[in-house]
Each structure stands twice: as structure tokens, then as C-alpha cells.
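Observations on the model geometry
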Amino acid sequence: MKMGILGAGNIAGTMAETIREMPQMTSWAVAARNLEKAEGFASKYGFEHAYGSYEELASDPELDLIYIATPHSFHYEHAKLCIEHGKNVLVEKAFTQNAAQARELFALAEKKGVLVAEAIWTRYMPMRTKLDEIISSGVIGTPYSLYATLSYPIMHKARITEPELAGGALLDIGVYAVNFASMVFGDDIREVKASAVLTEKGMDAADSITFFYEDGKMAVLHSDARTACNREGSVYGDKGYVMVQNINNCECIRVYNKEHELVAEYETPQQITGYEYEVEACREALEKGEKECPQMPHSETLYIMELMDDIRKQMGVIYPNEK
């Protein structure tokens, strides 16, 4: 399958390293805002074609799948360009700035008959399935509470600080904590309570989010763009608990009984970078003629975007194009 990458930044480099090691994928084309950067990227990662505009990439008739690797403030614009040209797209998280943009892209994709998937890699990884198996086994009894935290000191990044780039911690790192809760406890949320520490420009530097579920479960989520943290996810039951080391790219899962004794430990399988699972999911879906990936269907992407819209509303975070 011939794959293209729209954007030539750091995350694009990680994807390029990934598909270079996948025998069923061909590193076909990359596009940047100038040809020199695209050619340098193509040379470094072994792409056959380099384009100095995104329009040229979207117009390439040979491409089977385009990965959108630009900042999330541009996802709507760039995914729309590719979809309008009849291209299947894998869009990096957060999928769009808000749910309205997501709805429009899905409607356009349906009209054009193309696949669209969100590249929230934690949804596709085998350790997500392993966590489901552990909780379903009953080893920790009935799970009632969940905690997830993900923080990085990234306040020097414009994508965090600038309102015009849909800045803030939520869409960049908090989205992982939100998805962790959704994967473990589902989406039957009764109430959401959210608050944030805002910057002088009105973007959320640190987030505190609590989900209350209809069945009495509770999820407490934390993210902070100013600090490092242990990146841990925990699920607590009446017979024990599960500790997930690194909710961004699971390193291992440990299971404890209610006496706090370690009863099981699961290591993450060898991987290229972790991006290969989302690419493989797209390849399999396309082979079957499907227009979305079962690991992250359109309905789930839209629900998460609606959830984050509600969270931002409670925090008072509004982007310039939403006013």
C-alpha cells in the first residue's frame, strides 16, 4: 500500500520510520510547505516523491493513504483537502479543534466514499486489548474508580501557548487521559466537572477533569503542560487494582490484590514505534472495503470531540475561530 505523509515535522518523522519497517507499506510521498524541506525528509526516510505543497500530495493518483501530521489546529483544513481529492486519511490526534469540524469531515468522507481514521495510537495498541482482558477476568473484582495523568513540560511549544493554534493542554496531552477513561469505563457519563489553570492568553496550562458515570463509577483525570509526571493510569476494584505504566505508550501493566501484593505483570510486545498498529488497522479496513477502523470508529471520535468541547466550555477556553 502506497502511503503519503502531509507535514514533515517530528511526528511525521516517527511515522516515516515506522512505515519504512512495514513490509506491506511503501513510503511513496511526503509534502511540506517548501520543496527543500520535503526533499530533505524524503531523502532521510526513503520516500520516492517529495512535494513542495500539500495540494500536490493530495493530487497524487498513486496514493492509497495519507497521514495528516500537522498540528491539530490544521487537521480540519488538511484532511478536508485530501478528502476532497478522494484520498483516504489517517488524521493525528486531536482529530480536529472541535466536534463541528469533525462532523463536517465525516460527512464529506461519506460523500466521497473514503476512509477516515483518527490516529490516537493508544486505541490500536495490543496492550489496550490486554487491559480489557485483565479487567474482564474479574481479577480486581468490580472496577469503581479510575485515575489517569499525563504531563510534559511543553509550555515552550507554540501549539500549547497560542490561541490561534488551538492551544492548551487538553487537545495535546489531556486527550490521552480522556481516551484512557473512555476505553476502560465506556461513554455512559452522567456528569462532567472540569477546571483549569489558564495562561494569560486564555489557554489551559493544567487540567483537572472528573467523569461521573451512570453506574456509579468515577474517573479522575489530570494533565499539565508545565510539568513532568509518572504518566500512570490506574483502575481500582473491590478485589484489587491495575497500574498502567505510561498511558501514552504503555510500557507494562501490573496487577495487585487488595493487600497490595503484585499478582501479575504484563510487558509490552516488541514494536517498531507503536504507530504501526494504526497504519495496519487502516490497511485492513481498506482491504475489507470499510470506511472507518473498528478500533476508533467515527462515532467514538465524535463523542470524544464533543466531550472535550464540553470540558473546554467549563474551563472557559475558546479558540479565536469559535467566537
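Given the structure is predicted, the values throughout are model-derived calculations rather than measurements.

Definitions and cut-offs
In every chain, residue numbers begin from 1 and rise along the written sequence. Note on the predicted model: pLDDT of at least 70 is required for a residue's local features to be given, and 80 or more for side-chain atom pairs to be given and counted; whole-chain, interface and lining totals, by contrast, use all residues. Heavy atoms from the whole structure form the basis of all side-chain values; hydrogens and water molecules are not counted. Using a 1.4 Å probe on the protein chains alone, a residue whose accessible area is under 20% of its type maximum counts as buried, one over 50% counts as exposed, and one in between counts as partly exposed. Think of it this way: any DSSP run of H or I at least four residues long counts as a helix, any run of E at least two long counts as a strand, and we number them from the N terminus. Only strands joined by at least two bridges in the DSSP assignment are considered to pair. The working definition used for a salt bridge is a side-chain nitrogen of Lys or Arg within 4 Å of a carboxyl oxygen of Asp or Glu. Helix axes are fitted only over the stretch in contact, all axes being lines through C-alpha atoms; the angle between N-to-C directions runs from 0 to 180 degrees. In this scheme the crossing of two helices becomes right-handed for a clockwise turn of the near helix relative to the far one and left-handed for an anticlockwise turn of less than a right angle. Two residues qualify as a contact provided that any one of their heavy atoms is within 4.5 Å of a heavy atom in the partner residue. Working rule for helices: expected span equals 1.5 Å times residues minus one. For the purposes of these results, a polar contact is taken to be a pair of N or O atoms within 3.5 Å, where, inside protein, one atom must be able to donate a hydrogen and its partner to accept one; residues adjacent in sequence count only when each atom of the pair is a side-chain atom.

It is worth spelling out the pairing of strand E9 (residues 204–213) at this point. Of all 10 residues that make up E9, 9 are buried, and the element is covered over most of its length. Summarising the sheet, strand E8 (residues 189–198) and E9 pair through 9 bridges and their orientation is antiparallel. Bridge assignment links Ala 196 to a residue of E9, and that residue is Asp 207. The antiparallel hairpin formed by E8 and E9 contains 5 residues in its connecting segment, where Gly 202 sits at a positive phi of about 85 degrees. Of the strand pairs in this sheet, E9 and strand E10 (residues 218–224) are connected by 7 bridges, and their pairing is antiparallel. Of the residues in E10, the one forming a bridge with Ile 209 is Leu 221. With antiparallel pairing between neighbouring strands as the criterion, E9 and E10 make up a hairpin whose turn holds 4 residues, including Gly 216 at a positive phi of roughly 95 degrees.

All right, on to the pattern of salt bridges then. For the coordinates displayed, the defined rule picks out 17 salt bridges. Close ionic contact of Arg 283 with Glu 287 constitutes a salt bridge, the shortest N to O distance being 2.6 Å. Highlighted residues: Arg 283 and Glu 287, both in helix H9 (residues 276–287), separated by 4 residues, approximately one helical turn. Classification of Arg 283 by relative accessible area gives buried; the value is 9%. In this structure, Asp 309 and Arg 312 form a salt bridge, with 3.4 Å as the shortest nitrogen-oxygen distance. With Asp 309 and Arg 312 both in helix H10 (residues 298–315), this residue pair falls 3 residues apart, about one helical turn.

Ala 94 follows Lys 93 through a cis peptide bond whose omega is -20 degrees. Along the chain, Ala 94 falls in the loop between strand E5 (89–92) and helix H5 (99–112). Despite not being glycine, Ala 166 has its phi angle at roughly 55 degrees, a positive value. Along the chain, Ala 166 turns up in the loop between helix H7 (158–161) and helix H8 (169–185). Here the phi dihedral of His 260 falls at roughly 70 degrees; this positive angle occurs in a residue that is not glycine. With respect to the helices and strands, His 260 occurs in the loop between strand E13 (252–257) and strand E14 (262–267). On the basis of relative accessibility, which here comes to 55%, the residue His 260 falls in the exposed class.

With that settled, the discussion passes to the packing of helix H1 (residues 10–20) against helix H2 (residues 35–45). Contact pair H1 / H2: the axes reach a minimum separation of 10 Å and the direction vectors enclose 35 degrees. Of the two possible hands of crossing, H1 and H2 adopt the one that is right-handed. On the side of H1, the interface is formed by Ala 12, Gly 13, Ala 16, Glu 17 and Arg 20, while H2 contributes Phe 41, Lys 44 and Tyr 45.

Turning our attention to the sheet that holds E14. Read across the open sheet, the 8 strands follow the order E8-E9-E10-E7-E11-E12-E13-E14; overall the sheet is mixed. For this open sheet the edge positions go to E8 and E14, each flanked by a neighbour on one side alone. On average, each strand axis in the sheet is tilted by 10 degrees relative to the strand beside it, whichever way the strands run. In terms of strand pairing, strand E7 (residues 143–151) meets E10 through 7 bridges, oriented parallel.

Time to look at H5. Helix length check: H5, at 14 residues, gives a terminal C-alpha distance of 20 Å against a target of 20 Å (1.5 Å per residue), a fit within 8%. Residues of H5 that are buried include every one of Ala 99, Gln 101, Ala 102, Leu 105, Phe 106, Leu 108 and Ala 109, and no others. Elements in contact with the buried residues of H5: helix H4 (75–84), strand E6 (116–119) and H10. Two or three places before Ala 100, at the start of H5, stands the capping residue Asn 98, its side-chain oxygen 3.4 Å from that residue's backbone nitrogen.

Now for the sheet that holds E6. Ordered by their spatial adjacency, 6 strands build an open sheet running E3-E2-E1-E4-E5-E6, and the pairing between neighbours is parallel. The open sheet terminates on both sides in strands that have one partner only, identified here as strand E3 (49–51) and E6. Neighbouring strand axes in the sheet, compared pairwise and without regard to direction, differ in orientation by 20 degrees on average. Inspection of the sheet shows strand E1 (residues 2–6) paired to strand E2 (residues 26–31) by 5 bridges, in the parallel sense. Residue Lys 2 lies in a different strand from E2, and its bridge partner there is Thr 26. Strands in contact with H9 are E1, strand E4 (65–68), E5 and E6; relative to E5, the strand with the most contacts, it is inclined by about 155 degrees.

A few words now on the side chain of Thr 149. Here Thr 149 shows up in strand E7. At a separation of 2.7 Å, a polar atom in the side chain of Thr 149 contacts the side chain of His 222. Excluding residues that lie within four positions of it along the chain, Thr 149 makes contacts with His 222, Cys 229, Asn 230, Arg 231, Glu 232 and Ile 247.

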